[in-house]
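A structural walkthrough
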Amino acid sequence: ACSNRIMPKKGKKGTDQRIKGNVKAASSGRMVELFGNEGFIGFDAVTTGGTSSDGSLSDEAFYGISNSFQIVLKQLGKRDTTTKIKALNEFIILCDNEGLESVTSCLKLWPLMYNKLSMDNDHRIRELTHRALQCCSVKVKKHLGPHIKTIIG
């Protein structure tokens, strides 16, 4: 059973444990004393690039994108390989069938998705990603220009 006795310190009697460099050990209590309660703002405080803290795209990132492309781009953000493959096939079909304005609307997110998908472990996803870029670039032509740095980068 557990006993409530305090174990004696090893070493000489009456000496505290030594700390390397004679510096006070870190303590969360001391941090609260120094910074108060607002010292640590947390990792969720800063979100960049339209992504939320878990890495998925936020709803604001889809503003101005046609509904059909919103669904496909959300599916491309999933982890499942089969879902990504189906979404890439659907993206290629949408690029062929939709109008120029609809395809151009997805250009603010497609380069980010392209970079992520082109580095995927599955060769089928990488291949379909490059085909999707080809179909998209054939459709939008010069409108892809401002996004080239993101695609290459």
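In this report, we go over the structure that sits alongside the text. Since the model is a prediction, treat every value here as computed from it, not as a measurement.

What the rule picks out here adds up to three aromatic pairs. Ring plane angle 75° and centroid distance 5.5 Å describe the contact between phenylalanine 69 and phenylalanine 91, whose orientation is recorded as edge-to-face. On the criterion of sequence distance, the pair formed by phenylalanine 69 in helix H2 (residues 67–76) and phenylalanine 91 in helix H3 (residues 81–97) is long-range, its members being 22 residues apart. By the burial criterion, phenylalanine 69 is buried, and phenylalanine 91 matches it. With 6.1 Å between their ring centres and 55° between their planes, tryptophan 110 and tyrosine 114 make a pair best called tilted. Here the residue tryptophan 110 and the residue tyrosine 114 both occupy positions in helix H5 (residues 110–117), the gap between them amounting to four residues, near one helical turn. A residue is classified by how much of its surface remains accessible, and tyrosine 114, at 9% relative accessible area, is buried. Taken together, the ring pairs connect Phe69, Phe91, Trp110 and Tyr114 into an aromatic cluster.

Reading the values: rules and limits
- Residues numbered from 1 in each chain as written.
- Predicted model: local features only at pLDDT ≥ 70, side-chain atom pairs only at ≥ 80, totals over all residues.
- Heavy atoms only, no water.
- Phe/Tyr/Trp six-rings, centres within 6.5 Å; stacked < 30°, edge-to-face > 60°.
- Helix = DSSP H or I, 4+ residues; strand = E, 2+ residues; numbered from the N terminus.
- Buried < 20%, exposed > 50% of the residue type's maximum accessible area, 1.4 Å probe, protein only.

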